[in-house]
Amino acid sequence: MHKLRPGFLILALIATVVTSLQIFRAEHERRALQRDLIELSRIKYGLFSVDEWKSIISGIITTKIQEFDFEEGDRQEMREKITGFLYRVVDEFEDNFYEENSKSLGGFFRSSVAGLTGMFNQIRKEVPGFTEQILEFMDNPDNREGVRSYVMSKVTDYTDRTFAEIDYTQYNAVITRYGQPDRTQTVAHIESLLADNAWRMRPYAVVLLALVVIFGVFAITASHITRSEYLLLTLICMVLLAGGVTLPMIDIDARIAEIQFTLLGEPVVFQDQVLFYKSKSILEVTQLMVTQGQLDLFAVGVLILSFSVLFPFAKLGASMLYLYRPRLRMNGVMRFFVFKTGKWSMADVMVVAIFMAFIGFKGIVSEQLRQIQNFASNVEIVGTNESCLQPGFYLFTSFALLSLLVAHRLQYTFRQDPVHESANQQS
């Protein structure tokens, strides 16, 4: 049985490498698809888009103008409104006319002529005729289109002078990339690709999880572990660490699932309005901090790189040297990296900190979305927090736990080693 263990561990190492590579490829594809989907769903192209609002207003105006196809009851109501409006206009014009012409002798004569001729009364008699002409004008489809075009030209002129133009370069590039005619079909196509991607990744994730559990059980229960088996376990830890630091740990995704309200009696709906989205790995976060040009961020980036990347890899490399270079076991630096860096790198604390930050941020996002939902009584808002942990978190967690088990067994195995005892006595 002991002779079969190295072969089993070699096969398990190969399986770990293969499944990790497949997960890496699938995750790389998923991130690309997710970025494109997020780009199409950004709020700047929806709720904050002046072009979207112009389209909505155009549709509302078109609807309202088409509603001039009244039945007789509606036509009578509109006739009364138009007639009342015209009478008020005539009355106001008459009051202003007499007021303006009461200030001079010439104005007095003009007022007298207007009163004698009954000019304003004559205009009032024509109001019903004007009303019918207006209704007939609005009954003509060509005239309604002219009114709609005029109103929209004024809306367009105002928005062009007031709001900045939106850059649709990336938006259009995404639609072109997938060969779809519009945003709706592109989103549906990307979502189907994401579903297929998740279906293909799931078996590899299950296999990798099972392998990690098997390695952990082996490290705990094996009565004796040989150098070659330690080497294989160390290489497995290295594969998990590489995936943990290169793959994203958290997707932070805050969006408004749906916002609905009424404008001029017509329903207006916006869906999937992305407010904020970030997906970063440990290495990407480190690179971002180091390249910002700020001393405090640079220092934090160096600390993250040291404790989460350099120390763990140095520990794994030192462990392999410790196994196959007995003379180096007396070296203080070597013993520090093999047996002490677990405490210095605090990999387990790092995992817990990331998890707690995720929980905390998820709570903050959810609370902010609830506040948005309550800001107006006549607006229906459904906020959603799509933040979730990603493969990098699980791989890094697996590395942290497995490497601690392997380091513990390594220290226990070589506790009775003469060279190791001599090193302990000298220290």
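These notes cover the structure that comes with them. Since the model is a prediction, treat every value here as computed from it, not as a measurement.

Reading the values: rules and limits
- Residues numbered from 1 in each chain as written.
- Predicted model: local features only at pLDDT ≥ 70, side-chain atom pairs only at ≥ 80, totals over all residues.
- Heavy atoms only, no water.
- Helix = DSSP H or I, 4+ residues; strand = E, 2+ residues; numbered from the N terminus.
- Buried < 20%, exposed > 50% of the residue type's maximum accessible area, 1.4 Å probe, protein only.
- Contact = heavy atoms within 4.5 Å.
- 1 Å grid on protein atoms, 1.4 Å probe; cavity = no way out; pocket = protein on both sides within 12 Å on 5 of 7 lines; lining within 4 Å.
- Points joined across faces, edges and corners; volume = space filled by probe spheres on them.
- Core = buried A, V, L, I, M, F, W, Y, C linked by side-chain atoms within 4.5 Å.
- Salt bridge = Lys/Arg side-chain N within 4 Å of Asp/Glu carboxyl O.
- Axes fitted to C-alpha atoms, helices over the stretch in contact; angles between N-to-C directions.
- Parallel < 35°, antiparallel > 145°, perpendicular 65-115°, else oblique.
- Left-handed = near helix turned anticlockwise from the far one by under 90°.
- Pairing = 2+ DSSP bridges.

A word on the environment of L9. Along the chain, the position of L9 falls in helix α1 (residues 4–41). According to the relative accessible area criterion, L9 is buried, its value standing at 1%. Here the alpha-carbon distance between L9 and F215, two residues 206 residues apart in the chain, equals 8.6 Å. With residues up to four places along the chain from it excluded, the contact list for L9 reads F215, F218, E229, L232 and L233.

Moving on, we get to the environment of Q411. For Q411, the position within the fold is in helix α14 (residues 391–413). Sequence spacing of Q411 and R335 is 76 residues, and the spatial spacing of their C-alpha atoms is 9.9 Å.

A few words on the layout of surface pockets. Of the volumes computed, that of the largest pocket is approximately 790 Å³. Forming the boundary of the largest pocket are 32 residues, of which R30, M201, L389, Q390 and P391 lie nearest the centre. Looking at the lining of the largest pocket, the elements that each hand over two or more residues are α1, α8 (183–221), β1 (250–263), β2 (266–280), β4 (388–389) and α14. Of all the elements, α8 adds the most residues to the lining of the largest pocket, at eleven residues.

Positive phi, close to 50 degrees, is recorded for D272, a residue that is not glycine. Within the fold, D272 resides in strand β2.

Ranked by size, the top nonpolar core spans 38 residues in total, and within it F215, L240 and L402 carry the most contacts. Secondary-structure elements contributing two or more residues to this core are α1, α8, α9 (227–246), β1, α11 (295–324) and α14. In terms of residue count, α9 provides more of this core than any other element does, nine residues in total. Not counting residues within four places of it along the chain, the set of residues in contact with L240 comprises L208, V212, L395, S398, F399 and L402. With twelve residues, the next largest nonpolar core counts L37, I175, Y178 and L194 among its residues.

Per the stated rule, a full pass over the model turns up ten salt bridges. Linking D196 and R200 is a salt bridge whose minimum nitrogen-to-oxygen distance equals 3.0 Å. Placement of both D196 and R200 in helix α8 is noted, with a separation of four residues, approximately one turn of the helix. Residue D196 is classed as partly exposed on the basis of its relative accessible area of 36%. One salt bridge connects D272 with R255, and the closest N-O pair in it is separated by 3.7 Å.

Relative to the helices and strands, R335 is located in helix α12 (residues 332–345). Assessed through its relative accessible area of 18%, R335 is described here as buried.

In this fold, T186 is placed in helix α8. Given the relative accessible area of 0%, T186 is considered buried. Residues within four places of T186 in sequence aside, it is in contact with L40, V174, I175, Y178 and Q180.

Further remarks concern the packing of helix α10 (residues 282–290) against α11. It is the contact of α10 with α11, at a shortest axis distance of 7 Å, that shows an interaxial angle of 155 degrees. Regarding the angle of α10 to α11, the classification is roughly antiparallel. In this structure, α10 crosses over α11, and the sense of that crossing is left-handed. On the side of α10, the interface is formed by I282, L283, T286, M289 and V290, while α11 contributes L297, F298, V300, G301, I304, L305, S308 and V309.

The next subject is the pairing of β2. Pairing analysis gives 13 bridges linking β1 to β2, with the strands arranged antiparallel. Considered in β2, the bridge of T262 is made with P267. Taking the residues between adjacent antiparallel strands as the criterion, β1 and β2 are bridged by two residues, where L264 takes a positive phi near 55 degrees.

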